[in-house]
Amino acid sequence: GDSGFIISCLIGSASLFTIFIVRALYFEQTFAHPNWLANRNLCICFIISCLYGFLMLTNSLFIPSFLSSVGGLKPFQIGEVTNIAFIAYLIFSPIAVWFAKRVDGRLLMTLGVVLMGYSCLLGMQIDYQWRIHEFIPLMIIQSVGECLVLIGLISLFVVNMQPQFALHLGAYVSIARVLMPGLAGALMNTYLRISFDEHFGHKTAFIQTGDQMLSTENNTMSIVSLINRESYVGSFIDGFSLIFVIAIIVLVLICFLKPSPENHIVPFCR
């Protein structure tokens, strides 16, 4: 917040994006016209696809960061963890596609978000002793949930797409596909850092000073190390809690989705 360069970049980016939207609204022949926002299902699906970047952080950010900062694992050991999540995602993908052909996309996404929310509840139970084996059930549940949500989103985008919206919407998909995961990771890293500082400050407040100072330097270093470790754990619990709240928001958004129009791709469910 004290960096003039960062503030100027944010203001400049927001200004350019605002100018782009205003121009797109006033010029009918402009590229990437936002007229597809008039379609409620497409608009809600786009918002969910943006929030999906946050929902993925459980496997992509929290677990690797926890194992590195608290567990002390090396990068190649953490790579084994991410491989577990990738394999679970890969194995379940054909099953999710099979379901997408027979089940309404709204139900598919609901089930996926519920699983991702449940993985966050599991993550909120972590302590400093958690390592790879403790995270395996959480990662598998999270991967299955991610797969269901993504396949459900794709099916809803396809069946609600209208020819006049196709090109314009395609120009905005990169926001959800490329920009939001990176932005979500940056914002969450900042949140974890702030949360760590708050936990560290609260815990160090219990250390007495003055006449009751710790007798040796070793004791001081040991207690600071413990405080540092528990502050990391507390910050990750806060992170899981925030993602759980986002999962609830996504579930509420799914409730506002209308039935998809009749089509030959997925079932027509009312």
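**So, the pattern of salt bridges**
Where charged atoms from two side chains of opposite charge approach closely, those side chains can pair. Summed over all chains, the structure comprises 3 salt bridges. Note that Glu230 is salt-bridged to Arg229, the shortest N-O span being 3.0 Å.

**A closer look at the packing of helix H3 (residues 57-69) against helix H6 (residues 132-160)**
Axis separation between H3 and H6 bottoms out at 10 Å; the angle between their running directions is 170 degrees. Compared by their axis directions, H3 and H6 come out roughly antiparallel. From H3, Thr58, Asn59, Ile63, Phe66 and Leu67 reach across to H6, where they touch Ile132, Phe135, Leu138, Met139, Gln142, Ser143 and Glu146. Here the residues of the contact of H3 with H6 are counted per class, giving 7 nonpolar, 4 polar and 1 charged.

**Quick look at the packing of aromatic side chains**
Aromatic ring pairs: the centre-centre distance and the angle between the two ring planes describe each pair. Evaluated as defined, the whole model comprises 10 aromatic pairs. On the numbers, 5.6 Å between centres and 75 degrees between planes, the contact of Phe66 with Phe236 is edge-to-face. Separated by 170 residues along the polypeptide, Phe66 in helix H3 and Phe236 in helix H8 (residues 217-255) bring together distant segments of the chain. The exposure class assigned to Phe66 is buried, which follows from its relative accessible area of 1%. A residue is classified by how much of its surface remains accessible, and Phe236, at 4% relative accessible area, is buried. For Arg229, the ring lying beneath its charged end belongs to Tyr128, and the centroid distance is 3.6 Å.

**So, the state of the cysteines**
In the structure shown here, the tally under the stated rule is 0 disulfides. Cys43 takes part in no disulfide bond, and the closest cysteine sulfur to it belongs to Cys45, at a distance of 9.4 Å. Cys43 gets classed as partly exposed once you look at its relative accessible area, which sits at 22%.

**With respect to the side chain of Asn59**
With respect to the helices and strands, the residue Asn59 is situated in helix H3. Note on Asn59: relative accessible area 11%, which makes it buried. Among the polar contacts made by the side chain of Asn59, one reaches the side chain of Ser143 at a distance of 3.2 Å. If we ignore the near neighbours within four places in the chain, the residues touching Asn59 are Pro64, Ala85, Leu138, Met139, Gln142, Ser143 and Glu146.

**Focus: the layout of surface pockets**
Its volume calculated, the largest pocket comes out at about 380 Å³. As for the largest pocket, its lining consists of 15 residues, of which Ser49, Leu150, Val173, Ala176 and Arg177 are closest to the centre. Among the elements of the structure, helix H2 (40-55), H6 and helix H7 (163-204) are those that each provide at least two residues to the lining of the largest pocket. No other element matches H7, which puts 6 residues into the lining of the largest pocket. Classifying every residue of the lining of the largest pocket by side-chain character gives 12 nonpolar, 2 polar and 1 charged.

**Re helix H4 (residues 75-100)**
If you check H4, its first and last C-alpha atoms are 36 Å apart, about what 26 residues at 1.5 Å a residue would give, namely 38 Å. Largest kink in H4: about 35 degrees, centred on Ser93, with the proline Pro94 one to four residues after it. Within H4, burial applies to Ile78, Val81, Ala85, Ala88, Phe92, Ser93, Ala96 and Ala100. The inward-facing, buried residues of H4 contact H3, helix H5 (105-123) and H6.

**Some words on the nonpolar core**
Membership of the largest hydrophobic core comes to 54 residues, with the highest contact counts inside it found for Phe54, Phe66, Leu67, Phe135 and Ile243. Elements represented by at least two residues in this core include exactly H2, H3, H4, H5, H6, H7 and H8. In this structure, Ala100, Leu108, Cys147 and Leu148 belong to the second largest nonpolar core, which totals 8 residues.

**What to know about the confidence of the model for the protein chain**
Residue-level pLDDT values for the protein chain average 87, and 89% of them are 70 or greater. Per-element confidence in the protein chain ranges from a low mean pLDDT of 82 for helix H1 (residues 4-26) to a high of 96 for H5.

Parameters and conventions
Residues numbered from 1 in each chain as written. Predicted model: local features only at pLDDT ≥ 70, side-chain atom pairs only at ≥ 80, totals over all residues. Heavy atoms only, no water. Salt bridge = Lys/Arg side-chain N within 4 Å of Asp/Glu carboxyl O. Axes fitted to C-alpha atoms, helices over the stretch in contact; angles between N-to-C directions. Helix = DSSP H or I, 4+ residues; strand = E, 2+ residues; numbered from the N terminus. Parallel < 35°, antiparallel > 145°, perpendicular 65-115°, else oblique. Contact = heavy atoms within 4.5 Å. Nonpolar A, V, L, I, M, F, W, Y, C, P; charged D, E, K, R; others polar. Phe/Tyr/Trp six-rings, centres within 6.5 Å; stacked < 30°, edge-to-face > 60°. Buried < 20%, exposed > 50% of the residue type's maximum accessible area, 1.4 Å probe, protein only. Lys NZ or Arg CZ within 6 Å of the ring centre and 35° of its normal. Disulfide = S-S within 2.5 Å. Polar contact = N/O pair within 3.5 Å; in protein donor to acceptor, adjacent residues only side chain to side chain. 1 Å grid on protein atoms, 1.4 Å probe; cavity = no way out; pocket = protein on both sides within 12 Å on 5 of 7 lines; lining within 4 Å. Points joined across faces, edges and corners; volume = space filled by probe spheres on them. Expected span 1.5 Å × (residues − 1). Bend = angle between axes of the 7 residues up to and from the residue. Core = buried A, V, L, I, M, F, W, Y, C linked by side-chain atoms within 4.5 Å. pLDDT = per-residue confidence, 0-100.

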